[in-house]
Amino acid sequence: HGEGAAPPDSEARDAEAAPSAGATDPARRWRQMAMPAAAITIVLGLSVWQITRPPHPVPRAEARHLTERANHWYRSEASPPAWPGQRDLYQRATAIDPDLVGAWVGLAFTNANLVHYRHSVDPPRDFRAAEAAAVRAFQLAPSSSEANAAIGAVDRLRPERLDQSLAAYQRALDMTPGDFSARAQLGWMMVQLGAAEDGEILLRAALVLAPPAHPFRPSWYYYLGMIDLMLGRGDHGLIWLQQARV
C-alpha cells in the first residue's frame, strides 16, 4: 500500500473520535453555563427598564379635549370676560402636549385679544405670551392658516408691524379662502394702511360668510362704521356703529 503507516481500522477511528464518558465538549459546557446567566441578565434588564422607562406617552386625547372645549367656548363667546377662562384651558393643553398647534393658536389669540381690546391687567406680559404662543404655533406648522393668522393677530398690536400683520393674514387667507375671520382682519389691516375701500370689500365678504351669531360680527360692524366715518360717507358710519353695540 505504499510508504507510511497503515490507516487505522474503523473501530480504532471510532475510539479516537469518541470522547471519554467523563469528558464534556467545551463549547457545550460554555453554552450550558451561559444560558442561565443570560436569563438572569434579561430579567434584571427588564426590572431596570420598568424602573427607569420614560413616563406613559403624552395623553394627547386630554390635551385635544381641552382645546376643543376652549375652541367651542371661543366660537360661542368671544368676549373679554370669557378670554381668561379660555386662555386657562389652552395653557393646560399646551402643558400636557407642547406640540399641539391648535392650543398654541388659541393661546395666542386669547392673549392678543385681551391686549387689543384693552382688557389685560398686564399688557406687556400678555403681549409676550401671545407672541411666544404664535411663534410656537408657526414653528410647529408654518403652512397652517391658523398659525399664520395668529402671527397676524400679534403683529397688529404693534403699529410698526402692521405690514407684517397684513402679510400674515394674507397668507392665512391664501391657504384657507373660506376663513372669514382672517378675511375680516386682513380687511381691517388694509384700512389701517390706507386702503379703506379695498378693506371694506373684505369686511363685507366676511359678514356674508360668517354665521349670523358669530361673536366677532360686532367688531366688523365697528370697522365698517369707522370706514364710513373716515371717508365722510352718509351718516358717517352711525348705523354700523349702532349695530356694533348690539
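Let me begin by describing the structure that accompanies this report. (Residues numbered from 1 in each chain as written. Predicted model: local features only at pLDDT ≥ 70, side-chain atom pairs only at ≥ 80, totals over all residues. Heavy atoms only, no water.)

1. A few points about helix α4 (residues 83–96)
Look at α4: 20 Å from first C-alpha to last across 14 residues, which is about the 20 Å you get at 1.5 Å a residue. All of the buried residues along α4 are W83, Q86, R87, L89, Y90, A93 and T94. Buried residues of α4 fall within an arc of 160 degrees about the axis and therefore sit on the same side. (Helix = DSSP H or I, 4+ residues; strand = E, 2+ residues; numbered from the N terminus. Expected span 1.5 Å × (residues − 1). Buried < 20%, exposed > 50% of the residue type's maximum accessible area, 1.4 Å probe, protein only. Arc of directions from axis to C-beta.)

2. As for the pattern of salt bridges
This model, assessed by the stated rule, comprises 10 salt bridges. When the shortest N-O distance is used, the salt bridge between R158 and E160 registers 3.9 Å. (Salt bridge = Lys/Arg side-chain N within 4 Å of Asp/Glu carboxyl O.)

3. As for unusual backbone geometry
Although it is not a glycine, R118 adopts a positive phi angle of roughly 60 degrees. With respect to the element layout, R118 can be found in the loop between α5 (101–116) and α6 (123–140). A relative accessible area of 75% means that R118 is categorised as exposed. Unusually for a residue other than glycine, H236 sits at a positive phi of about 60 degrees. Along the polypeptide, H236 turns up in the loop between α11 (217–231) and α12 (238–244). Relative accessible area serves as the criterion here: at 41%, H236 is assigned to the partly exposed category.

4. Topic: the packing of helix α3 (residues 60–76) against α4
With their axes 8 Å apart at the nearest point, α3 and α4 run at an angle of 160 degrees to one another. By the criterion of interaxial angle, the relationship of α3 to α4 is roughly antiparallel. Considering how the two elements wind past one another, α3 and α4 form a crossing that is left-handed. Seen from α3, the contacting residues are E62, A63, L66, T67, R69, A70, N71, W73 and Y74; seen from α4, they are W83, G85, Q86, L89, Y90, R92, A93 and I96. Residue composition of the contact of α3 with α4, by class: 10 nonpolar, 4 polar and 3 charged. (Axes fitted to C-alpha atoms, helices over the stretch in contact; angles between N-to-C directions. Parallel < 35°, antiparallel > 145°, perpendicular 65-115°, else oblique. Left-handed = near helix turned anticlockwise from the far one by under 90°. Contact = heavy atoms within 4.5 Å. Nonpolar A, V, L, I, M, F, W, Y, C, P; charged D, E, K, R; others polar.)

5. Concerning the nonpolar core
Nonpolar side chains in soluble globular proteins generally cluster together in the buried interior. The biggest cluster of nonpolar side chains holds 60 residues, and the ones touching the most others in it are F109, Y169, L203 and W220. Here the element with the most residues in this core is α5; it accounts for 10 residues. Leaving out residues up to four positions away in the same chain, W220 has contacts with F180, S181, A184, Q185, L203, A206, L207, A210 and H214. (Core = buried A, V, L, I, M, F, W, Y, C linked by side-chain atoms within 4.5 Å.)

6. Regarding the packing of α5 against helix α7 (residues 145–155)
Contact geometry of α5 with α7 gives a least axis separation of 9 Å together with a crossing angle of 20 degrees. Taken together, α5 and α7 sit at an angle that is classed as roughly parallel. Handedness of the α5/α7 crossing: left-handed. For the pair α5 and α7, the contacting residues are V105, A108, F109 and A112 in the first and E146, A147, A149, A150 and A153 in the second. Its residues assigned to classes, the contact of α5 with α7 shows 8 nonpolar, no polar and 1 charged.

7. Side note on α6
The end-to-end C-alpha distance of α6 is 26 Å, a good match for the 26 Å that 18 residues give at a rise of 1.5 Å each. Within the sequence span of α6, burial applies to D126, F127, A130, A133, A134 and A137. All buried residues of α6 fall inside an arc of 135 degrees around its axis, so they share one side. Those residues of α6 that are exposed and angled more than 90 degrees off the buried face are R128 and Q139. On the buried face of α6, the contacting elements are α4, α5 and α7.

8. Some details on the side chain of R87
Among the structural elements, R87 can be located in helix α4. The exposure class assigned to R87 is buried, which follows from its relative accessible area of 15%. Only 3.1 Å separates the side chain of R87 from the side chain of D126, close enough to count as a polar contact. Discounting residues that sit within four places of it in the chain, R87 has contacts with L107, T110, N111, L114, R125 and D126. (Polar contact = N/O pair within 3.5 Å; in protein donor to acceptor, adjacent residues only side chain to side chain.)

9. Some points on the side chain of E200
Its location among the elements puts E200 in helix α10 (residues 196–209). Looking at E200, the relative accessible area reads 8%, which means it is buried. If sequence neighbours within four positions are ignored, E200 has contacts with L224, I227, D228 and R233.

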